[in-house]
Amino acid sequence: MVESGTRNTALTLSSEQGAATSSGYAMLMVMLASLALGIFGVTLLKAHADLGGPIVAVASIVFVFVSGGFYMQQPNQATAITLFGAYKGTDRNTGLRWLLPWLGRKKVSLRANNMISERLKVNDLRGNPIEIAAQVVWRVTDTAQALFDIDDYKAFVIVQIEAAVRTIGARYPYDDYEHQEVTLRGNHDQVGAELRQELIARLVTAGITVDECGFTHLAYAPEIAGAMLRRQQAQAVVAARKTLVEGAVGMVEMALAMLSEKNVVELDDERRAAMVSNLMVVLCGERDTQPVVNAGSLYQ
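Residues numbered from 1 in each chain as written. Predicted model: local features only at pLDDT ≥ 70, side-chain atom pairs only at ≥ 80, totals over all residues. Heavy atoms only, no water.

Novice: Got a minute to help me understand the nonpolar core in this structure?
Specialist: If you look at soluble globular proteins, the nonpolar side chains tend to sit buried side by side. Core analysis: the biggest nonpolar cluster contains 39 residues, and W138, V140, Y153, L195, L199 and I208 have the highest contact counts within it. Only β3 (77-83), β8 (120-123), β9 (129-140), α3 (143-148), α4 (153-171), α5 (188-203) and β10 (208-220) provide two or more residues apiece to this core. Considering each element in turn, this core owes the most residues, seven residues, to α4. Apart from the residues lying within four places of it in its own chain, the contact partners of W138 are R111, A112, N113, M115, Y153, K154, V157, I208, T209 and V210. Of all hydrophobic cores here, the second largest spans six residues; its members include M31, F70, L96 and W98. (Core = buried A, V, L, I, M, F, W, Y, C linked by side-chain atoms within 4.5 Å. Buried < 20%, exposed > 50% of the residue type's maximum accessible area, 1.4 Å probe, protein only. Helix = DSSP H or I, 4+ residues; strand = E, 2+ residues; numbered from the N terminus. Contact = heavy atoms within 4.5 Å.)

Novice: Is there a simple way to explain the pairing of β8 in this structure?
Specialist: Strand residues, when the strand is regular, have side chains that alternate between the two faces of the sheet. Along β8, the buried face is formed by L120 and V122; none of K121 and N123, which line the opposite face, is buried. Where β8 and β9 come together, four bridges link them in antiparallel fashion. Within β9, the position partnered with K121 by the bridge is E131. Linking two consecutive strands that pair antiparallel, namely β8 and β9, is a turn of five residues; a positive phi of about 85 degrees is found at G127 within it. (Pairing = 2+ DSSP bridges.)

Novice: What am I meant to see in the packing of α4 against α5 here?
Specialist: Pairs of packed helices are described in terms of their axes, by the angle between the two and the distance that separates them. One way to put it is that α4 packs onto α5 with a least axis distance of 9 Å and a crossing angle of 140 degrees. In terms of orientation, α4 and α5 fall into the oblique class. The handedness of the crossing between α4 and α5 is right-handed. Residues F156, V157, Q160, I161, A163, A164, V165, T167, I168 and R171 of α4 touch α5, and the partners they reach there are V191, E194, L195, E198, L199, R202 and L203. Across the contact of α4 with α5, the residue classes tally to eleven nonpolar, two polar and four charged. (Axes fitted to C-alpha atoms, helices over the stretch in contact; angles between N-to-C directions. Parallel < 35°, antiparallel > 145°, perpendicular 65-115°, else oblique. Left-handed = near helix turned anticlockwise from the far one by under 90°. Nonpolar A, V, L, I, M, F, W, Y, C, P; charged D, E, K, R; others polar.)

Novice: Help me understand the side chain of T82, please; the structure alone is not making it clear to me.
Specialist: Turning to its location among the elements, T82 is positioned in strand β3. Other than its neighbours up to four places away in sequence, T82 contacts Y87, K88, L103, G104 and F148.

Novice: Help me understand the sheet that holds strand β1 (residues 22-23), please; the structure alone is not making it clear to me.
Specialist: For sheets, the rule is that strands pair by backbone hydrogen bonds, running either parallel or antiparallel. Spatially, three strands are ordered β1-β5-β2 in an open sheet, and the strand pairing comes out antiparallel. Two strands lie at the open edges of the sheet, namely β1 and β2 (70-73), each paired on one side alone. Sheet topology places β1 next to strand β5 (residues 95-98); two bridges connect them, and they run antiparallel. Counterpart to S23 in the pairing with β5 is R97. With respect to the sheet, helix α1 (residues 24-44) is in contact with β1, β2 and β5, its orientation differing from that of β5 by roughly 65 degrees.

Novice: Help me understand the pattern of salt bridges, please; the structure alone is not making it clear to me.
Specialist: Once their charged atoms are close, side chains differing in charge can pair, the charge on each being opposite to the other. Inspection of the entire model under this criterion finds seven salt bridges. D91 is the partner of R97 in a salt bridge, and the nearest nitrogen-oxygen pair spans 3.3 Å. Accessibility assignment for this pair places R97 and D91 in one class, buried. Connected via shared salt-bridge partners are R171, E194, E198 and R202. (Salt bridge = Lys/Arg side-chain N within 4 Å of Asp/Glu carboxyl O.)

Novice: What should I look at first to understand the packing of aromatic side chains in this one?
Specialist: Two aromatic rings, taken as a pair, are described by how far apart their centres are and by the angle between their planes. The full count for this structure, using the stated rule, is four aromatic pairs. Plain terms: the ring middles of F65 and W98 are 5.9 Å apart, the flat faces sit at 65 degrees to each other, and that makes the pair edge-to-face. Taken together, the positions of F65 in helix α2 (residues 49-67) and W98 in strand β5 put the pair 33 residues apart, joining distant regions of the chain. According to the relative accessible area criterion, F65 is partly exposed, its value standing at 32%. Looking at W98, the relative accessible area reads 7%, which means it is buried. Consider the rings of F65 and W102, whose centres lie 6.0 Å apart with planes at 50 degrees: the pair is tilted. Taken together, the residues F65 in helix α2 and W102 in the loop between β5 and β6 (104-109) connect sequence positions 37 residues apart. (Phe/Tyr/Trp six-rings, centres within 6.5 Å; stacked < 30°, edge-to-face > 60°.)

So, in structure tokens, the structure goes:
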């Protein structure tokens, strides 16, 4: 049982519905007809004042009434209609439109908006401070939610984009040199798709959807950029050395196997070890090696 005095603080969700409006061109003809009728009544005032007066009065009332209901609407625009604060529907028709003058009108753009967020400093999954910024293409899909469920839907979009970028930035590491994890730098498409889903979930209460998003800036924060650069260089050197050694071992194995297979020379364990050592020096050395010609026997 709900205690007395407990207030319902849940948000009353709105939903867009069509509004009953008329074409403005037909009402424009009515207004022109009332203008012509008023001019005709003026001409009758001197000869037939009792007839011309009412005609002018009726024509003036009709002219003022009709002229107050016109509004223009461009493509990808909508107009929310209200009656003394109550939502009565949304008109998405384009061109010259007309509705009763006492109905309130508020235009909403349905066009795509492109926004680039500010550079945010976020700690990634491993705690490294990074700078990150995102580009988001969004648009209004439900005018009632955008106008009546959110106080300022444009400011709401800015705040939610910042929150979503921080959430995604902290969910993944900036980089992984072992290529075993999803990273911000190496998996742009996957992380961008996840960012889009995060934004759609956050903006659905405002009647807004996200068509496209992605990162426009991604880098380590300045205070650790130098250290991370040295770390990247060291890891790159280690990876290159590893690849070089693996290739050299393979080439030595192949050389020894071919020498034994073709009976070019027979080597004991000591001379085999010496040959392996010499080949590894030649293959893995950073500088060019200088050969030494042995004019004596193999064992001298």
